[in-house]
Amino acid sequence: MSWPLRVLEDSVPLVMAAADVRKSLSRMAHEIVEGSRGEAPVLVGIHTRGVPLARRIASAIEGFAGSRAPVGALDIGLYRDDLASRPAMPLAATRLPVDITDRIVVLVDDVLYTGRTVRAAMDALNAFGRPAVIRLAVLVDRGHRQLPIRPDHVGKNLPTAASERVSVRLVEIDRGEDGVWIEPGAPGISGADGRV
Amino acid sequence: MSFLTTRGVPRKDLEELLDSADEFNRVLARPIPKVPALQGKLVANLFFEDSTRTRLSFERAARALSADVMNFSAAGSSAAKGESLKDTALTIRALGADLMVVRHKAAGAPRRIAAWTGRPVVNAGDGAHQHPTQGMLDALTLRQRFGGLDGLRVAIVGDIRHSRVARSNVFAFTALGAGVTLVAPRTLQPVSTGGWPVDATDDLDGVLGEVDVVYLLRIQAERGGLSVFPSLPEYVSRYGMTRDRFDRLPAEAVVLHPGPMNRGVEIDDAVAGHPRALVLDQVANGVAVRMAVLFRLLGGSG
């Protein structure tokens with residue numbers, strides 16, 4: 001699959017357009033079902049943009065498999081390892097619609113970068129139960145991992161410099177169209193909400 | 001940043017705190033009601049004035065966030081030996097406190113301690129001034145019950161003059177959209193309510209039929225509350241929440257009391273145990289609100 005590199009206003013390169021996001025999520029939905037071997041996975045989106053992505057994957061699964069996977073939302077604010085180095089953020093809702101014990105749980109997020117968010121998310125999940133398996137699905141893997149964490153389902157592998165900023169915009173949260181942009185920015189900052 | 005008063009706090013900030021407290025209530029309902037958010041932080045409870053329930057509530061909140069807790073109470077301490085407030089505060093800071101929860105009989109003591117130590121301070125009650133986490137837990141209790149405070153009619157009844165709870169609640173409730181009427185004999189009304197967005201009356205029976213919430217204050221003997229009206233029976237006859245008065249409230253109206261209750265004075269047994277008396281909801285919400293405050297003040301770089 002080739003990814004057209006287009007340049008929008010302000011010379012910020014678009015690396016995934018709305019259609020690319022849609023195709024990636026559809027493919028990931030198929031992979032998730034195949035990887036679940038007949039069991040129904042629980043999709044858990046990480047705030048902020050992981051939540052609508054998880055919902056979209058659930059809709060895609062419903063489209064071809066007929067049944068809708070339960071979708072949860074996870075705020076990892078209470079489990080971060082870098083609380084002291086960032087401003088306090090308001091907590092978003094954490095909701096798991098089903099007991100995750102012994103289930104296949106797929107964590108969903110927009111950008112995988114250092115892996116610290118995912119580590120915190122796994123800690124947060126463990127407070128609710130002991131899943132049989134935890135998998136990770138991300139729209140973009142931009143590299144630069146600081147922890148031994150790898151994704152199971154990836155929309156796009158996007159080699160980046162640490163100084164670049166990957167912006168994901170989704171219609172449910174942001175204005176305009178879906179898309180992924182890469183722009184020069186302050187080192188260590190990733191994601192439209194500044195999460196690493 | 002400290003949390004010293006509900007007065008002048010923008011509605012958006014109050015609502016954000018309540019939203020966060022809602023989430024902490026969900027954390028407290030988990031099988032393991034504990035999160036690692038404040039691991040390694042040290043919360044010091046500095047209680048220069050007696051309080052068991054408020055201290056326990058802060059302690060529970062801090063521990064549920066995995067913070068460590070250090071308790072200082074004035075009785076039998078260095079304060080009793082004549083140490084100044086400032087020296088005590090600086091000593092507690094030197095012991096490694098990241099945040100101080102302060103209760104003191106003098107209004108303004110928590111603000112002084114925040115200035116001396118440069119540490120965040122939560123006011124847990126200063127004289128007759130403020131007790132802001134009480135105001136927020138009461139607001140949370142009402143929001144849970146009614147969905148929001150907009151348009152709620154609240155009567156705060158009793159010893160308004162000596163009550164920091166009344167002051168905290170007036171500003172929290174009105175900022176969130178409620179209308180507040182202060183109900184008390186003249187001698188227990190504040191000397192001035194200039195700048196308070198409230199009505200006042202000395203006639204409880206006159207407002208019973210038109211309120212959604214009756215907030216009963218404790219008669220505070222320790223602050224002179226007994227000396228300003230002729231007798232307890234007279235107080236009860238005009239301001240006590242008797243079963244008879246309770247039955248004259250609108251059908252959905254609720255009764256709150258910050259505790260500890262003087263049963264038979266502000267509130268009758270039959271009312272205190274009624275499902276529309278939300279006293280224990282208030283206590284439970286206190287933990288969640290204090291978690292929200294501690295997390296807001298310590299769960300970030302400032």
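What counts and what doesn't
- Residues numbered from 1 in each chain as written.
- Chains lettered and ligands numbered in written order.
- Predicted model: local features only at pLDDT ≥ 70, side-chain atom pairs only at ≥ 80, totals over all residues.
- Heavy atoms only, no water.
- Helix = DSSP H or I, 4+ residues; strand = E, 2+ residues; numbered from the N terminus.
- Buried < 20%, exposed > 50% of the residue type's maximum accessible area, 1.4 Å probe, protein only.
- Contact = heavy atoms within 4.5 Å.
- Areas by Shrake-Rupley, 256 points an atom, 1.4 Å probe, with all protein chains shown as cover.
- Buried area = accessible area lost by both parts, 1.4 Å probe.
- Salt bridge = Lys/Arg side-chain N within 4 Å of Asp/Glu carboxyl O.
- Nonpolar A, V, L, I, M, F, W, Y, C, P; charged D, E, K, R; others polar.
- Domains from an automatic or database assignment.
- Pairing = 2+ DSSP bridges.
- Axes fitted to C-alpha atoms, helices over the stretch in contact; angles between N-to-C directions.
- pLDDT = per-residue confidence, 0-100.

Caption draft 1: How the structure looks around the overall build of chain A. The helix and strand inventory of chain A stands at three helices and nine strands. When the helices and strands of chain A are listed from N to C terminus, the series reads β-β-α-β-α-β-β-α-β-β-β-β. Residues counted as buried form 52% of the 196 residues belonging to chain A. A separation threshold of at least 6 residues defines the contact pool for chain A, and within that pool the share at least 24 residues apart is 68%. Per element, the accessible surface of chain A, about 8800 Å² overall, is 52% carbon and sulfur.

Caption draft 2: Representation of the interface of chain B and chain A. Facing 18 residues of chain B, the contacting portion of chain A comprises 18 residues. Where chain B abuts chain A, roughly 1500 Å² becomes buried across the two surfaces, and 61% of that area is made up of carbon and sulfur atoms. When the buried surface of chain B facing chain A is broken down by residue, B:Glu23, B:Arg30 and B:Phe295 rank first, second and third, together holding 34% of it. A:Arg95 is paired through a salt bridge with B:Glu23; the nearest N and O atoms lie 3.2 Å apart. Put simply, the parts of the chain that give the side of chain B that touches chain A at least two residues each are helix 1 (11-28) and helix 11 (279-298) of chain B. Of the residues in the side of chain B that touches chain A, the class split is seven nonpolar, five polar and six charged.

Caption draft 3: Layout of the domain arrangement of chain B. All names here are of chain B. Taken domain by domain, chain B consists of domain 1 (11-130 + 284-298) and domain 2 (132-282). Computed over C-alpha atoms only, the centres of domain 1 and domain 2 are separated by 25 Å. Every contact between the two is made by 28 residues of domain 1 and, on the other side, 29 residues of domain 2. Buried surface at the junction of domain 1 and domain 2, both sides included, amounts to about 2200 Å², of which 54% is carbon and sulfur. Taken as a group, Leu18, Gln130 and Asn285 account for 28% of the area that domain 1 buries against domain 2, more than any other trio of residues on that side.

Caption draft 4: Local environment of the sheet that holds strand 4 (residues 121-126) of chain B. Residue and element names in this part refer to chain B. Here we have four strands laid out as an open sheet, ordered 2-1-3-4, and parallel in their pairing. Two strands lie at the open edges of the sheet, namely strand 2 (68-73) and strand 4, each paired on one side alone. For this sheet the average axis-to-axis angle between neighbouring strands, irrespective of direction, equals 15°. Sitting on the sheet, helix 4 (residues 109-117) is in contact with strand 1 (42-47), strand 3 (99-104) and strand 4, with an inclination near 155° to strand 4. Sitting on the sheet, helix 11 touches strand 1, strand 3 and strand 4, and the angle it makes with strand 4 is about 140°.

Caption draft 5: Representation of unusual backbone geometry. A cis amide bond, omega 10°, links A:His47 with the succeeding residue A:Thr48. Position of A:Thr48 relative to the elements: it lies in the loop between strand 3 (42-46) and helix 2 (50-65). Note the cis peptide between B:Gly259 and B:Pro260, where omega equals -15°. Examined against the element boundaries, B:Pro260 turns out to sit in the loop between strand 9 (254-256) and helix 10 (269-272). With phi around 70°, A:His144 is a residue other than glycine that occupies positive phi space. By the element assignment, A:His144 lies in the loop between strand 6 (133-141) and strand 7 (153-157). A residue is classified by how much of its surface remains accessible, and A:His144, at 34% relative accessible area, is partly exposed. Positive phi, normally seen in glycine, also occurs at B:Ser66, with a value near 70°.

Caption draft 6: Focus on the sheet that holds strand 9 of chain B. Residue and element names in this part refer to chain B. Across the sheet, five strands lie side by side as 7-6-5-8-9; this open sheet has parallel pairing. Strand pairing shows two members of the sheet lacking a second neighbour, strand 7 (198-201) and strand 9, which therefore form its edges. Ignoring strand direction, the axes of neighbouring strands in this sheet form an average angle of 20°. Of the pairings in the sheet, the one linking strand 5 (residues 153-157) to strand 6 (residues 179-183) comprises five bridges and is parallel in character. Of the residues in strand 6, the one forming a bridge with isoleucine 156 is leucine 182. Sitting on the sheet, helix 5 (residues 132-146) touches strand 5, strand 8 (213-216) and strand 9, and the angle it makes with strand 9 is about 165°.

Caption draft 7: Structural view of the confidence of the model for chain B. Per-residue confidence for chain B gives a mean pLDDT of 94; residues scoring 70 or more make up 97%. Predicted complex, confidence summary: ipTM 0.80, pTM 0.90.

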